Amino acid sequence: MRIAIIAGSNHRKSTSTQMARYVGERLAIGGHTIDFWDLYSQPLPFYDPDADTDPESVRQLANSVAAADAVVLSTPEYHGSVSGVLKNALDYLGGDQFDGKMVLSISSAGGAVGVSSLQHLQVIVRNVHGVNCPEWISLGSEQRRFDDEGMPVHPPLRSRVDRVLNTFIKLAEKLRA
Ligand SMILES: Cc1cc2nc3c(=O)[nH]c(=O)nc-3n(C[C@H](O)[C@H](O)[C@H](O)COP(=O)(O)O)c2cc1C
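Residues numbered from 1 in each chain as written. Predicted model: local features only at pLDDT ≥ 70, side-chain atom pairs only at ≥ 80, totals over all residues. Heavy atoms only, no water.

A. Structural context of the environment of Ile106. Residue position: Ile106 is located in strand E4 (residues 102-109). For the pair formed by Ile106 and Ser74, sequence separation is 32 residues and the distance between their alpha carbons is 4.4 Å. The contacts of Ile106, once residues within four sequence positions are left out, are Met19, Ala20, Val23, Val72, Leu73, Ser74, Thr75, Leu118, Ile137 and Leu139. (Helix = DSSP H or I, 4+ residues; strand = E, 2+ residues; numbered from the N terminus. Contact = heavy atoms within 4.5 Å.)

Structure, rendered in structure tokens:
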């Protein structure tokens, strides 16, 4: 399957982006093709409803998500919600990119868990006609540590990620069948 991943942070050492990269690597090992968009290194301009055309970067992102069979979104938890840069990116996108596709959400929070941002993300996914994966990945507090190879240091998190990805791929394949 082709999977588009949008890493929704503009923080250089973002742990939600590190988790998105780890997820991309695990999926690639499973034989899937990954299209990774990092909003730190590939930032987008503010959405402008008055603009006649979308910028080239936005067209590239929209094409990448439209071509995908399933999507992964990651966000830092900011004030109990998603990051501004991820919301801005999603404002450019809609049903043309997400309709009927399985979407896995990831968040990283300073507190124990980032459930509030994940719930907000699920509302957005529903409104762009994506299908929320019933599993999600929340890392909080000490779980936000990664080693030099980008592996999560917390062993239970690694096995949880594999379980979540198994469910995500199974459901994504059923949806695309
Ligand atoms: C503006 C701002 C708001 C934040 N709000 C929350 C919050 O509501 N709950 C929480 O647990 N952590 C909060 N944090 C901490 C971040 O969730 C934490 O640093 C997380 O690791 C950020 O993700 P990142 O590593 O991908 O940048 C906030 C941080 C910032 C900068």
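This is not the end of the story, as more comes after the structure.
B. Looking closely at unusual backbone geometry. The backbone of His79 sits at a positive phi, close to 45°, despite the residue not being glycine. Looking at the secondary structure, you find His79 in the loop between strand E3 (70-76) and helix H3 (84-92). With phi around 50°, Ser141 is a residue other than glycine that occupies positive phi space.

C. Quick peek at the site of the ligand. In the neighbourhood of the ligand, 15 residues make up the surrounding shell, with Ser14, Thr15, Ser16, Glu77 and Gly111 lying closest. One of the side-chain N or O atoms of Ser16 is found 2.6 Å from an oxygen atom in the ligand. Isolated, the ligand exposes 630 Å² of accessible area, and the fraction of that covered by the protein chains is 68%. Of all the elements in the fold, those that place two or more residues in the shell around the ligand are helix H1 (15-29) and E4. Across the shell around the ligand, the residue classes tally to three nonpolar, ten polar and two charged. (Near = heavy atom within 4 Å. Polar contact = N/O pair within 3.5 Å; in protein donor to acceptor, adjacent residues only side chain to side chain. Areas by Shrake-Rupley, 256 points an atom, 1.4 Å probe, with all protein chains shown as cover. Nonpolar A, V, L, I, M, F, W, Y, C, P; charged D, E, K, R; others polar.)

D. Seen up close, the packing of H1 against helix H6 (residues 155-176). Between H1 and H6, the least distance of the axes is 11 Å, while the angle of their chain directions is 60°. Relative to H6, the element H1 is oriented oblique. Classified by chirality, the crossing of H6 by H1 is right-handed. Contacts from Met19, Tyr22, Val23, Arg26 and Leu27 of H1 reach H6 at Leu157, Arg158, Val161, Asp162, Leu165, Phe168 and Ile169. Split by residue class, the contact of H1 with H6 holds nine nonpolar, no polar and three charged. (Axes fitted to C-alpha atoms, helices over the stretch in contact; angles between N-to-C directions. Parallel < 35°, antiparallel > 145°, perpendicular 65-115°, else oblique. Left-handed = near helix turned anticlockwise from the far one by under 90°.)

E. Expanded view of the pattern of salt bridges. A full pass over the atoms with the stated rule returns eight salt bridges. Residue Asp35 is joined to Arg2 by a salt bridge in which the shortest nitrogen-to-oxygen separation is 3.6 Å. Of this pair, Asp35 sits in strand E2 (residues 33-38) while Arg2 is found in strand E1 (residues 2-7), placing the two residues 33 residues apart along the sequence. Judged by relative accessible area, Asp35 falls into the partly exposed class, the value being 27%. (Salt bridge = Lys/Arg side-chain N within 4 Å of Asp/Glu carboxyl O. Buried < 20%, exposed > 50% of the residue type's maximum accessible area, 1.4 Å probe, protein only.)

F. View of the side chain of Lys101. Mapped onto the secondary structure, Lys101 falls in the loop between helix H4 (95-98) and E4. No salt bridge is formed by the buried Lys101. Its closest oppositely charged neighbour is Asp69, at 6.9 Å. One polar contact links the side chain of Lys101 to the main-chain carbonyl oxygen of Val65, over a distance of 2.9 Å. If we skip the residues at most four places from it in the chain, Lys101 touches Val65, Ala66, Ala67, Ala68, Asp69, Gly130, Val131, Leu175 and Arg176. (Lys, Arg positive; Asp, Glu negative; His and termini not counted.)

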